[in-house]
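Breakdown of the fold
Here is how the chains run, residue by residue.
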Amino acid sequence: MRKLSIEPILLEQKSVFIQMMELYSYDFSEFSHNDINEYGYFGYSHIDAYWNEEGRYPFFIRVDEKLAGLVLVRSCSEYNKLSNPHNIAEFFVMKKYRRKGVGKAASMKIFDMFPGGWEISQWKNNLPAQNFWKQVINEYTHGKYDTFTSAEKNVVGFTFYNSFA
């Protein structure tokens, strides 16, 4: 694979972040069944929170210095009690870069950046995400992870601790 980097999204890059979230939301609408609004946007209600709330970390994924996706990390767990928790709030790799190891490499770099407990959840109807995360987490943890289900939220997922946590 070419050069992959994870770069914090700066406030000055907010417009690019918004555009990337629109691409992600379009892509994800296959599973969310969301529609665009009357102005032609999906919208993402937590954009400003990534600069105004503690425990939120936005990152761009770059391949050879070109934008290839984004990762939004939160320092909490929604479905499990974990010590020093983190979760992937949103994860997006543009189609051009999929199935080339970009998502796997990016997620592993993110895991290394935040030691502690990790909770990765996916919607039950998003089988491609479930398969992706199972493969990545199994490789990253050498099979040392747990699974969970939240019936009321229609979510399944994985929990694990970094080996160096």
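Quick summary incoming for the structure in this document. Fair warning: this is a prediction, and the values are worked out from it, not measured in the lab.

Rules behind the numbers
Residues numbered from 1 in each chain as written. Predicted model: local features only at pLDDT ≥ 70, side-chain atom pairs only at ≥ 80, totals over all residues. Heavy atoms only, no water. Pairing = 2+ DSSP bridges. Helix = DSSP H or I, 4+ residues; strand = E, 2+ residues; numbered from the N terminus. Axes fitted to C-alpha atoms, helices over the stretch in contact; angles between N-to-C directions. Salt bridge = Lys/Arg side-chain N within 4 Å of Asp/Glu carboxyl O. Buried < 20%, exposed > 50% of the residue type's maximum accessible area, 1.4 Å probe, protein only. Expected span 1.5 Å × (residues − 1). Arc of directions from axis to C-beta. Contact = heavy atoms within 4.5 Å.

1. Here we look at the pairing of strand 6 (residues 146–150)
As paired elements, strand 6 and strand 7 (residues 155–161) share five bridges and run antiparallel to each other. Across the sheet, the residue bridging to T149 is V156, located in strand 7. Taken together, strand 6 and the strand that follows it, strand 7, pair antiparallel across an intervening segment of four residues, in which N154 is found at a positive phi of about 60 degrees.

2. Quick look at the sheet that holds strand 6
Strands sit in the order 1-2-3-4-5-7-6 across an open sheet of seven strands; the sheet is mixed. At either end of the open sheet lies a strand with only one pairing partner, and these are strand 1 (4–8) and strand 6. Neighbour-to-neighbour, the strand axes of the sheet open up by a mean angle of 30 degrees, direction not taken into account. The sheet contact formed by strand 5 (residues 117–123) and strand 7 spans seven bridges and is antiparallel. Within strand 7, the position partnered with W118 by the bridge is F160.

3. Focus on the pattern of salt bridges
Within the structure shown, the criterion is met by six salt bridges. Of the charged contacts, one joins R62 and E7 as a salt bridge, the two residues approaching to 2.8 Å between their closest N and O atoms. Taken together, the positions of R62 in strand 2 (residues 56–63) and E7 in strand 1 put the pair 55 residues apart, joining distant regions of the chain. A residue is classified by how much of its surface remains accessible, and R62, at 17% relative accessible area, is buried. Where K14 meets D48, a salt bridge forms, and the shortest distance between an N and an O atom there is 2.4 Å. Within this pair, whereas K14 is found in helix 1 (residues 14–32), its partner D48 is found in the loop between helix 1 and helix 2 (49–52), the two being separated by 34 residues in sequence. Judged by relative accessible area, K14 falls into the partly exposed class, the value being 25%. For D48, a relative accessible area of 39% gives the class partly exposed.

4. Notes on helix 4 (residues 127–141)
For an α-helix the count is 3.6 residues per turn, leaving residues at separations of three or four pointing the same way. A rise of 1.5 Å per residue sets the reference length of helix 4, with its 15 residues, at 21 Å; its end C-alpha atoms lie 21 Å apart and thus fit the reference within 8%. Every buried residue belonging to helix 4 is among A129, Q130, W133, V136, I137, Y140 and T141, and all of these are buried. With its buried residues spanning 145 degrees around the axis, helix 4 presents them on a single face. Exposed and oriented more than 90 degrees from the buried face of helix 4 are P128, N131 and Q135. At its buried positions, helix 4 is contacted by strand 4 (85–93), helix 3 (102–113), strand 5 and strand 7. Where helix 4 ends, the next residue or the one after it, H142, has phi of about 55 degrees, a positive value.

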